[in-house]
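Commentary on secondary and tertiary structure
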Amino acid sequence: MVTTVQRTFRKEVLHALHKAKEVNHAVLISYSRQIESLDPLSFFNYGAKKYTGNRFFWSDPESELTIVGLGKEAVFQTNQKNSERYREVFEQWERFKKTAFHIYEEEKLQHSAVGPVLFGGFSFDPCEERGSQWDHFSEGDFFVPALMLTMTAEGPFLTVNRWVSGGEDAEAVLEGLKAFAAEFMVPDFKQEDQAVIAAAEELDKDDWLKAIETATSQIKEKQYDKVVLARELLLTFDGPIQIEPVLKTLLDDQQTSYVFAIEQEGKTFVGASPERLIKRDGGTVMSSCLAGSIKRGVNEEDDRRIGLELLNDEKNLLEHDIVVGMIHNAFVSSCSEVEKPDGPVLYKTKSVQHLFTPIVGQLRESASIFDLIEKLHPTPALGGAPQEKAVDVIREIEPMSRGWYAAPIGWIDSQDNGEFAVAIRSGLIEGSTARLFAGCGIVEDSEPISEYEETQIKLKPMISALGGERR
């Protein structure tokens, strides 16, 4: 069996080197093997020096799948100011796959999210007036890492991605990849004291409250149905913020959420989002309608009472129905079959409970995950309704630069499996400062103070992850 596996390795490497000669440029070899247990945060921390500013972290709810990438072996960017940005990234990825070769240790390693995986995200609105804090975050920014750890139910897998040219020796390439993977050692992550919050400033709070008044007036005039308005909180610390402790707290406290981080040139966008935008597993696609929210109770009985209040609240049910209708229509346009429950249930995170409706479909062969991202983003839960009008309103009256906040962030593998979450409950960290973001769906009877209190609840996960409650 070992001889057969080695012969397969040689064959695949030779094939890759032959392709490199044929096209007269380097091709990517992606080598994967199953390894002993490895802590994802330790792996992420391991890359802090050599791969500083070029790391990503992804963990889905209950940590059923965790992906950590170090380095950027291939980069896919777009600065298109329209919907063409989705197609541009997709086409770059399709071209790349034609000259990428994935070599497995064993046949059984053909697993989702193992091998060449593309990770990244898009901005919320490519036409907004972008604040300088979002420098280096393009309208679409994705990369294939040099090293990647994938934690699955079947165990951990290590992937090494390397460019090779046609003139290289096949045996040397193969032995180098295998030796690196075999000798890979990562010291355990040891949490150090985190910097302490020295100051907190609510940016443009009064302008945000006025924007809600403006929006409710416009909605009453039937200019649109709903708009989501977000605000930001600026925290300043007494020293540089370490990302690893932030991720650890989010993983511990927000187990029903997607925990993510992506570094770009000294800045890290990090968060714990409860909201899936789209997931593809083979031909099946899934989305989550998450709109309408309320606080958690102080005990089980109080929590149940508050949840029932949400399930029967007309404002929140209207807000939720708008989201369900839009996502359902997007699925119908791209899927051969679509399943949708009759009504919402509760989805609970540590600080907030939401109205939740899952939608599942069978994707047509002519469609891709990027097609659905284009149709879904932004959902009414993040933008409003009608979609285009709501984004125009946000651009006009929201007193902050969204950048990647509330935008799609996630991954796709070489078999087109993938998942994207909506980047809410998030913050942008740079040095000793952290900008935290939270928004609310505004409809006709929204009250500014009530919406402000809702954002206070939504800010809690990131405030806690950074070391404490608001002062």
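Quick summary incoming for the structure in this document. (Residues numbered from 1 in each chain as written. Predicted model: local features only at pLDDT ≥ 70, side-chain atom pairs only at ≥ 80, totals over all residues. Heavy atoms only, no water.)

**With respect to the packing of aromatic side chains**
- Applying the stated criterion to the full structure yields 24 aromatic pairs.
- Taking the centre distance of 6.2 Å and the plane angle of 75° together, the rings of phenylalanine 142 and phenylalanine 370 count as edge-to-face. Here phenylalanine 142 is found in strand E7 (residues 140-144), whereas its partner phenylalanine 370 is found in helix H9 (residues 369-376), with 228 residues between them in sequence.
- Judged by its relative accessible area of 2%, phenylalanine 370 is buried.
- Put simply, the rings of Trp134, Phe137, Phe260, Phe269, Trp404, Tyr405 and Phe437 pair up and form one aromatic cluster.
- In this structure, arginine 231 is placed above the aromatic ring of tryptophan 208, and the distance from its NZ or CZ to the ring centre is 5.8 Å. (Phe/Tyr/Trp six-rings, centres within 6.5 Å; stacked < 30°, edge-to-face > 60°. Helix = DSSP H or I, 4+ residues; strand = E, 2+ residues; numbered from the N terminus. Buried < 20%, exposed > 50% of the residue type's maximum accessible area, 1.4 Å probe, protein only. Lys NZ or Arg CZ within 6 Å of the ring centre and 35° of its normal.)

**Some details on unusual backbone geometry**
- Of the consecutive residues histidine 377 and proline 378, the connecting peptide bond is found in the cis state with omega at -10°.
- Looking at the secondary structure, you find proline 378 in the loop between H9 and strand E19 (384-385).
- In this structure, proline 386 follows alanine 385 across a cis peptide bond, with omega equal to -10°.
- With respect to the helices, strands and loops of the structure, proline 386 is situated in the loop between E19 and helix H10 (387-397).
- Residues other than glycine seldom take positive phi values, yet lysine 222 does so here, at roughly 65°.

**What to know about the environment of glutamine 387**
- With respect to the helices and strands, glutamine 387 occurs in helix H10.
- Given a relative accessible area of 29%, glutamine 387 falls into the partly exposed group.
- Along the chain, glutamine 387 and threonine 159 lie 228 residues apart, while their C-alpha atoms are 39 Å from each other.

**Description of the pattern of salt bridges**
- On inspection of all chains with the given rule, the structure shows 29 salt bridges.
- Residue lysine 97 pairs with aspartate 416 through a salt bridge whose shortest N-O separation is 3.0 Å. You can see lysine 97 sitting in helix H3 (residues 84-97) and its partner aspartate 416 sitting in the loop between strand E20 (408-413) and strand E21 (418-422), a full 319 residues away along the chain. For the residue pair lysine 97 and aspartate 416, the accessibility class agrees, reading buried in each case.
- In this structure, the salt-bridge partner of arginine 305 is aspartate 302, at a minimum N-O distance of 2.6 Å. Taken as a pair, arginine 305 and aspartate 302 lie in helix H7 (residues 300-311) at a separation of three residues, close to a single helical turn.
- Arginine 305 sits in the partly exposed class, given a relative accessible area of 47%. (Salt bridge = Lys/Arg side-chain N within 4 Å of Asp/Glu carboxyl O.)

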